[in-house]
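Take a look at the letters that make up each chain.
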Amino acid sequence: MKTIIAEKPSVAREIAGLVGASEKKDGYLTGNGYFVTWAFGHLIGLGMPEDYGITGFDKASLPILPNPFLLTVRKVKKDKGYTADTGALKQLKVIEQLFSRSNSIIVATDAGREGELIFRYIYEYLKCNKPFERLWISSLTEKAIKQGFDNLKDGAAFDGLHQAAQGRSRADWLVGINATQALSIAAGNGIYSLGRVQTPTLALICKRYLENKNFSIKKYWQIQLSHNKELIDFKSISKTKWEDQKLADDTLKAIQRNETATVISFETKSVTEQPPLLFDLTGLQKEANKKLNLSAEETLNIAQSLYEKKFITYPRTGSKYIPEDMWAEIPNLVRALQDRETCKQAVSKMKWGRFNKRIVNDLRVTDHHGLLITDKIPSALNAKENAVYDMIAFRLLEALSQACIKGLTDVALQVLHYDFTAKGCKVIEAGWRSVKGSFTDDDTEPVQDLPELKKGDELKIKEASVLEKKTKPPVLYTEAGLLSAMESAGKEIENEDERKALQNIGIGTPATRAAIIETLFTRNYIQREKKSLIPTEKGLQVYELVKDRKIADVAMTAEWELALQKIENNETDAGAFQKEMEKYASSITDELLQTSIAQNNLPKLACPKCKSQQLIIRDKIVKCPDEVCNWVQFRNVCGVQIGIADIESLVSKGKTSLIKGMTSKAGKKFDAYIVLNEDYKTSFEFAKNKSYKK
């Protein structure tokens, strides 16, 4: 018998159907010489400090450097502690029995770093030594699975991948556990969670937020002229930017008296815009955030669902290319899209036999190729799934199209001795831009059409006006912007040699970036303001504590990603990497234990109910330490974090300022004051004095 182990039940059922294991049992399927079973994601993980006999946060125990690392069954939170997940224990027993009854194992967990780790941790925990082979596939279509079974690979071929996954997992443990405990001990009030990737990501958000907030906006003035030639209206703008409005107004008067502008030069050049490559996961998440306002996690979940329904290939990919041997499949995928209503028109514009081969590059395909649709065309998807599917489909059609060729024109004009400029753009060959019919990118200004001009032409000034403009602060990160910053973290590095070495290395991987952003939300470090991501009070407090420390260093985190890639490719030793991480965890622990945290920024407030105790203020809760009194106020009310100033106002004056943007149980947004009643319970008071109990 052979045991096939998948990452989750839905994938196991697909595989079981194909290998003829149709008999259902508790926790597995069987038949035709196979047992087919599954994990539920990570059943086994690294043990926590208490598994090493270290309870609570104790300065004397730090740094904690496990040797060896212990593996434990996944735990769930119960009351105040953690206990083993009963579902995980039960499934693990099933897997153990099947392994012992088999001669060999076929690993069918997701084909990537985490999928490899899910299996290896189970294998190691069960002390199994049966031989195993690897099913390595990029889509769940019947054809792909069958091809995968015809080309099973020896398990040892993926040892590098396993070592990189294990290295990542241990590095996150060493840094996360030690740094969190050290800073929380130094702070002495509440838990300050830090992490190898989460903290540099928080630093990116806080740094940008502070740059934006502290930016001093300056006004300046430019003069705009309107012209008309050969029935074409167009505008030009002064090269000078006046910082004094009066000077601009005086210049305008002089120009208005002159009435003509002279063409000094007229240059047209042809620009070729290559079509975009296929999406990798981060690219899809950025596009879906810009166009559909989906979070990175939502996009990943939708893509995973489309993958499991066999409509797209494996989504957690970091590549935008396909290997040469897949090129022959591409026309079938395009043909299949003719049957999809939303894509029909775009497919009809494709130039058959002249597909662009830019996406073919064997060297640039990592574990998986770029995101593709499959030949199974979807039906019965929800609106968001349809929108994400179409994004992937249209991107394929764009990638296969020819380049877009534009003519860009630059005109220099002169009025009196003032220089003016006009820019124009003409699409000569639409190429890939005809797929969706959009000829400029969303974030660029629309460019005007210009008439034919030549040096020395005199142009009448139809109208002249002064425009007031402002310098723009660095924009706050949206999720799309943050993903770009994480992806190209190397570009932020000031040292040129380091920057070159890390130019294509980001922090986190395409598969983990969404989870990192979500972690910052659950830790109450960041919040959404419309589409922007901004830090909370707590997020800024953590940033202020660690911004000059190694743990917030984007370059160092990017270097580790590079080291993990080298381990994966068997180019460097995993043991040396772990030693370096242990050294780093020790130095960061020392650094953080010496951090002094100013406690004086929290007000001293007397309990409004018993009047005798001083309130304990935490980031999630404000409470009276007297168990008899037991007065408590949660700081997250209907999705909004209540600031310290409002807590102070509520306790001392019985009412907060107007809290905006709260969300009711029905999902509606509302604004209200939080007020303290005679019985010291809180309720809402609306501007029109309607009130209901919280």
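Higher on the page you've got the structure.
What comes next concerns the included structure. Note that the structure is predicted; figures quoted are calculated from it, not measured.

## A few points about the nonpolar core
- Core analysis: the biggest nonpolar cluster contains 87 residues, and Phe99, Ile122 and Val546 have the highest contact counts within it.
- Beyond its immediate chain neighbours, meaning those up to four positions away, valine 546 contacts Leu183, Leu194, Thr199, Ile551, Ala552 and Leu592.
- Ranked by size, the runner-up nonpolar core spans 62 residues in total, among them Val334, Cys343, Ile373 and Val435.

## Some details on the sheet that holds strand β22 (residues 621–623)
- Strand order in the open sheet formed by three strands is β21-β22-β23, with antiparallel pairing between adjacent strands. Both outer strands of the open sheet, β21 (616–617) and β23 (632–634), are each paired with one neighbouring strand and no more.

## A short note on the packing of aromatic side chains
- One pass over the full model with this rule turns up 14 aromatic pairs.
- Ring centres of tyrosine 123 and phenylalanine 132 lie 5.0 Å apart, and the angle between their planes is 70 degrees; on these two criteria the pair is classed as edge-to-face. Comparing tyrosine 123 with phenylalanine 132 shows no difference in burial state: the two are buried.
- Here tyrosine 307 and tyrosine 314 contribute two aromatic rings whose centre-to-centre distance is 5.4 Å and whose plane-to-plane angle is 75 degrees, an arrangement assigned as edge-to-face.
- Grouped by ring-pair contacts, the aromatic residues Tyr52, Phe69 and Trp173 constitute a single cluster.
- Directly above the aromatic system of phenylalanine 158 lies the positively charged group of arginine 134, at a separation of 5.9 Å from the ring centroid.
- Lying across the ring of tyrosine 192, lysine 538 places its NZ or CZ 5.4 Å from the centre.

## Details of helix α8 (residues 281–292)
- Between its terminal C-alpha atoms α8 stretches 15 Å, which fits the 16 Å expected from 12 residues at 1.5 Å a residue.
- Among all positions of α8, only Leu281, Thr282, Gly283, Leu284, Gln285, Lys286, Glu287, Ala288 and Asn289 are buried.
- As for α8, its buried residues are in contact with α9 (296–308), α12 (383–400), α13 (479–487) and α15 (513–522).
- Immediately downstream of α8, the backbone of asparagine 293 shows phi near 60 degrees, a positive value.

## As for the environment of threonine 421
- Checked against the element boundaries, threonine 421 lands in strand β16 (residues 418–429).
- Separated by 58 residues in the primary sequence, threonine 421 and leucine 363 have C-alpha atoms spaced 45 Å apart.
- Other than its neighbours up to four places away in sequence, threonine 421 contacts Ser236, Ile237, Lys239 and Val411.
- At a separation of 3.5 Å, a polar atom in the side chain of threonine 421 contacts the main-chain carbonyl oxygen of valine 411.

## Section: helix α16 (residues 537–546)
- Across the 10 residues of α16, seven count as buried, placing the element largely inside the fold.
- Among all positions in α16, only Lys538, Gly539, Leu540, Val542, Tyr543, Leu545 and Val546 are buried.
- Looking at the packing, one finds that the buried side of α16 touches α5 (159–187), α6 (198–213), β20 (532–535) and α18 (574–593).

Thresholds, definitions, all that
- Residues numbered from 1 in each chain as written.
- Predicted model: local features only at pLDDT ≥ 70, side-chain atom pairs only at ≥ 80, totals over all residues.
- Heavy atoms only, no water.
- Core = buried A, V, L, I, M, F, W, Y, C linked by side-chain atoms within 4.5 Å.
- Buried < 20%, exposed > 50% of the residue type's maximum accessible area, 1.4 Å probe, protein only.
- Contact = heavy atoms within 4.5 Å.
- Pairing = 2+ DSSP bridges.
- Helix = DSSP H or I, 4+ residues; strand = E, 2+ residues; numbered from the N terminus.
- Phe/Tyr/Trp six-rings, centres within 6.5 Å; stacked < 30°, edge-to-face > 60°.
- Lys NZ or Arg CZ within 6 Å of the ring centre and 35° of its normal.
- Expected span 1.5 Å × (residues − 1).
- Polar contact = N/O pair within 3.5 Å; in protein donor to acceptor, adjacent residues only side chain to side chain.

Remember that the coordinates give geometry; whether it matters functionally is a separate question.
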